[in-house]
Amino acid sequence: MSEAQQELSKTTRIGVIGGTGPQGRGLALRWAHAGMSVRIGSRDRENARSAAAEIRELVPSADIEGDANEAVAQWGEVVAIVVPWAGHRSTVEALREALRGKIVIDCVNPLGFDEKGAYALPVEEGSATQQAAALLPESRVVGAFHNVSAVLLSDLSSEVACDVLVLGEARADARIAQELADLIPGARGLYGGRLRNSAQVEALTANLISVNRRYKVHSGVRIAGLPSEQG
C-alpha cells in the first residue's frame, strides 16, 4: 500500500513487536477491542500465542493472534515496536527487511533506573525513534505512545485520559498513529513535530514515573489550549 493510498481502516493489519510486555500487551488489547486486526510478536512464539489467548478471553470477538517477531513484522501493514530499550537496536536490525516500506511506530523509551528513580539515557542517534529511523531507511518511522500508562491500557474499564504526541517526518504517516491513539477511549493523538523532537517526548516518561511514585497515580500528558475536537 503506497503512502498516498494508506489510511487506517478496520482491515488494516496491526503488528505489535514486543507485545508480551505490559505496554505492548496493553496496546494490542485496546486495538483488538476497537475491532482492529492485531498480531502480537515475541522472540518466543508460544509466549506470543499465550498473550493473544489471554486477550481473546477478555475480548471474545477479538481478531488477534500471536507469532514470532519476524512473522508479525511481515504480516503487519502498520507495526509498533514496543520492546525494552536494551533490546531495541538488535530487534529493529533483525526486522529491517520485513519492515521495508511499512509504517513503523516506535514506542520505546531509553530509560535507566537506580536508587533515585528513572532517568533518561543518552542515545547516539538522539532518541530511540531516531535510532529506529536510522536502522530502517526504507521504512516510514514515526514515534508515539511513549507516555501512556500500561496499567490503564490493560484495564478496559478505564479511560486512558491523556494525549499521545506523535513525531514524524511525513504527516500522512503520523496521522495513522494519531488515528490509532484516537481508538483508545479517553486518548487523543496529536502531531508533536518531526523526529528530531522525539528525545524530549521519550525522556518525559522518566518524569511521569516520578509523578506516579510520588502521588500513587497513573499519570499522562494533556496539551492545553486546543479545541476539544482538535487532533
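The structure under discussion appears in the preceding block.
What you see is a predicted model, and the numbers here were worked out from it, not measured in a lab.

Definitions and cut-offs
Each residue is numbered by its place in its chain's sequence as written, counting from 1. In view of the model being predicted, local features appear only for residues whose pLDDT reaches at least 70, and side-chain atom pairs are presented and counted only at 80 or more, with totals across whole chains, interfaces and linings using the full set of residues. Side-chain descriptors were evaluated using all non-hydrogen atoms of the structure, hydrogens and water having been removed beforehand. For Phe, Tyr and Trp, where Trp contributes only its six-membered ring, two rings pair if their centres lie within 6.5 Å, and the inter-plane angle classes them as stacked under 30 degrees, edge-to-face over 60, or tilted in between. Think of it as a cone above the ring: NZ of Lys or CZ of Arg counts as a charge over the ring if it is within 6 Å of the ring centre and within 35 degrees of the ring normal. Buried Ala, Val, Leu, Ile, Met, Phe, Trp, Tyr and Cys residues that are joined via side-chain atoms within 4.5 Å together make up what is termed a nonpolar core. Using a 1.4 Å probe on the protein chains alone, a residue whose accessible area is under 20% of its type maximum counts as buried, one over 50% counts as exposed, and one in between counts as partly exposed. Whether two residues touch is decided by their heavy atoms; if any such pair falls within 4.5 Å, the residues are in contact. The criterion for strand pairing is that DSSP finds at least two bridges linking the strands in question. Working definition: helices are DSSP H or I runs of at least four residues, strands are E runs of at least two. Numbering for both runs from the N terminus. In this analysis, axes come from line fits to C-alpha atoms, helices being fitted only over the stretch in contact, and the angle between any two N-to-C directions falls in the range 0 to 180 degrees. A side-chain nitrogen of Lys or Arg and a carboxyl oxygen of Asp or Glu constitute a salt bridge if their distance falls within 4 Å. Handedness of a crossover: with both strands directed away from the viewer, a clockwise path from the first strand across the helix to the second marks it as right-handed.

Caption draft 1: View of the packing of aromatic side chains. Under the definition given, this model contains one aromatic pair. Just above the ring of Trp75 sits the side chain of Arg13; from NZ or CZ to the centre is 5.9 Å.

Caption draft 2: The nonpolar core, seen in detail. In this structure, Trp31, Val38, Ile64, Ile105 and Phe145 are the most contacted members of the largest nonpolar core, which totals 41 residues. Aside from chain neighbours lying at most four places away, what touches Val38 is Ile14, Val16, Ala28, Trp31, Ala32, Asp63, Ile64, Glu65 and Trp75. Core analysis: the next-biggest nonpolar cluster, separate from the first, contains 17 residues, Val79, Ile81, Val92 and Leu135 among them.

Caption draft 3: Region of interest: the sheet that holds strand S3 (residues 63-68). Taken in spatial order, the eight strands line up as S3-S2-S1-S4-S5-S8-S9-S10 in an open sheet, and their pairing is mixed. Since the sheet does not close on itself, it has two edges, and those belong to S3 and strand S10 (188-193), each with one partner. Here the strands of the sheet are splayed against their neighbours by 25 degrees on average, with no regard to which way each runs. Direction of pairing for strand S1 (residues 13-17) relative to strand S4 (residues 78-81): parallel, over a ladder of four bridges. Opposite Gly15, over in S4, you have Val79 as the bridge partner. The strands touched by helix H2 (residues 45-58) are strand S2 (37-42) and S3; relative to S3, the strand with the most contacts, the crossing angle is about 165 degrees. Contacts from helix H7 (residues 171-182) reach S1, S4, strand S5 (103-106), strand S8 (140-143), strand S9 (163-168) and S10, with the element oriented near 150 degrees to S10.

Caption draft 4: Spotlight on the pattern of salt bridges. Under the definition given, this model contains 15 salt bridges. The closest approach of N and O atoms between Asp163 and Arg188, which form a salt bridge, is 2.9 Å. Remark: Arg188 occurs in strand S10 and Asp163 occurs in strand S9; sequence separation between them is 25 residues. On the accessibility criterion, Asp163 (1% relative accessible area) is buried. Judged by relative accessible area, which is 13%, Arg188 ranks as buried. For the salt bridge of Glu179 with Arg175, the shortest nitrogen-to-oxygen distance reads 3.6 Å. With Glu179 and Arg175 both in helix H7 and four residues apart, the pair spans about one turn of that helix. In this structure Arg175 comes out as partly exposed when scored by relative accessible area, which is 32%. One salt-bridge network, held together by shared partners, links Glu97, Arg100 and Glu138.

Caption draft 5: View of unusual backbone geometry. Despite not being glycine, Phe145 shows a phi value in the positive range, around 65 degrees. Notably, Lys216 is not glycine yet its phi reads approximately 60 degrees, a positive angle. With respect to the helices and strands, the residue Lys216 is situated in the segment after helix H8 (198-215). Judged by its relative accessible area of 72%, Lys216 is exposed.

Caption draft 6: Representation of the pairing of S3 in the model. In terms of strand pairing, S2 meets S3 through six bridges, oriented parallel. What sits directly across from Ser42, in S3, is Ala68. In this fold, S2 hands off to H2, which returns the chain to S3; that crossover is right-handed.

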